[in-house]
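If you want the building blocks of each chain, they are given just below.
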Amino acid sequence: MPVTEPIEDTASAQVGPRIREFRKQRGLTLRSLAARSGLSIGFLSQVERGISSIGLTALGSVASALGHPVSEFFDDTPAANDPVVVPMPSHFTLTRGENAATQYVSGQQTYRMLSDRGAGLVLEPMMVHIAPGGRRENAYGHAGEEFAYVISGELLYEVDGVEHRLRPGDSVHLRSAVPHRMYNDTDTVTTVVSVVTPRLF
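In short, a report on the structure. Note that the structure is a prediction, hence the values are computed from the model and not measured.

Rules used throughout
- Residues numbered from 1 in each chain as written.
- Predicted model: local features only at pLDDT ≥ 70, side-chain atom pairs only at ≥ 80, totals over all residues.
- Heavy atoms only, no water.
- Helix = DSSP H or I, 4+ residues; strand = E, 2+ residues; numbered from the N terminus.
- Buried < 20%, exposed > 50% of the residue type's maximum accessible area, 1.4 Å probe, protein only.
- Contact = heavy atoms within 4.5 Å.
- Areas by Shrake-Rupley, 256 points an atom, 1.4 Å probe, with all protein chains shown as cover.
- Polar contact = N/O pair within 3.5 Å; in protein donor to acceptor, adjacent residues only side chain to side chain.
- Salt bridge = Lys/Arg side-chain N within 4 Å of Asp/Glu carboxyl O.
- Pairing = 2+ DSSP bridges.
- Axes fitted to C-alpha atoms, helices over the stretch in contact; angles between N-to-C directions.
- Phe/Tyr/Trp six-rings, centres within 6.5 Å; stacked < 30°, edge-to-face > 60°.

### Structural notes on the overall build of the chain
Each helix and strand counted, the chain has four helices and 11 strands in total. Burial statistics for the chain: of 201 residues in total, 42% are counted as buried. Contacts in the chain between residues at least 24 apart in sequence constitute 64% of all its contacts with a sequence separation of at least 6. Split by element, the accessible area of the chain, about 10,200 Å² in all, is 52% carbon and sulfur.

Written out as structure tokens, the structure is:
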């Protein structure tokens, strides 16, 4: 069911404290984590204190630097039902049902996983609902590729310092190493189908 109201930020409130917790467990300073993740010290400090939110791909870099899967930075209870997946060979997955996939909330964005993980499969397909407003994240580059297709609403997608306004039916596909960021500057929720590599969960 399409999201029509701004998405609550309660689940994402746990992300910052867990970054701090895992960082301290490894005995890392913010400077060390910044160097390992490719993110700025100031930004990571704001995320840990709940002043800024962090996107899923940036969180993936932090998770990798801290040696934890992305899912451990969220509430133990997912925002949706556990995946209902038909057992399949490792090269194939089949996910059924509107509520079949797990959801994660990070800042203004809610990510609904569109497939289960299969051994050897590298794509991470997601439905992303982006609430209006919020703080703009810093442009960020990371390993992999990503694709975004707008289903409803509008989205400002900045690639290498140039902003592009995406509307329903528009898409963008890029090498993720190019600095990029997205922002919903409208007053309604924007829904995007996004596919990234490598998988985050």
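### Re the side chain of T190
Here T190 is to be found in strand 11 (residues 190-196). One polar contact links the side chain of T190 to the main-chain carbonyl oxygen of E154, over a distance of 2.6 Å. At a separation of 3.3 Å, a polar atom in the side chain of T190 contacts the side chain of N184. Dropping the residues within four chain positions of it, T190 is found in contact with V128, H129, I130, V150, S152, G153, E154, L155 and N184.

### What to know about the pattern of salt bridges
Within the structure shown, the criterion is met by eight salt bridges. Its salt-bridge partner being E48, residue R20 comes within 3.7 Å of it at the nearest N-O pair. Within this pair, whereas R20 is found in helix 1 (residues 15-25), its partner E48 is found in helix 3 (residues 41-48), the two being separated by 28 residues in sequence. Assessed through its relative accessible area of 5%, E48 is described here as buried. Note that E48 and R23 form a salt bridge whose closest N and O atoms lie 2.7 Å from each other. Placement of the pair is E48 in helix 3 and R23 in helix 1, with a sequence separation of 25 residues.

### Focus: the sheet that holds strand 11
Strand order across the open sheet formed by six strands is 3-4-5-11-6-9, with antiparallel pairing between neighbours. Pairing within the sheet leaves two strands with one partner each, and these edge strands are strand 3 (103-106) and strand 9 (171-175). Sheet twist, expressed as the mean angle between neighbouring strand axes with direction ignored, is 20°. Bridge count for strand 6 (residues 145-152) against strand 9 is five bridges, and the pairing is antiparallel. In the strand pairing of strand 9, Y149 is matched with S171.

### Some details on the packing of aromatic side chains
Under the defined criterion, the tally for this structure stands at one aromatic pair. Consider the rings of F22 and F73, whose centres lie 5.0 Å apart with planes at 90°: the pair is edge-to-face. Taken as a pair, F22 in helix 1 and F73 in the loop between helix 4 (56-66) and strand 1 (85-86) lie far apart in primary sequence, 51 residues in all. The class for F22 is buried, based on a relative accessible area of 7%.

### Brief notes about the sheet that holds strand 7 (residues 155-159)
Taken in spatial order, the three strands make up an open sheet running 8-7-10, and their pairing is antiparallel. At either margin of the open sheet sits one strand with a lone partner, and together these are strand 8 (162-166) and strand 10 (180-183). The mean angle between the axes of side-by-side strands here comes to 20°, regardless of whether they run parallel or antiparallel. Sheet topology note: the strand 7/strand 8 ladder contains five bridges and is antiparallel. Looking across to strand 8, one finds that L155 is bridged to L166.

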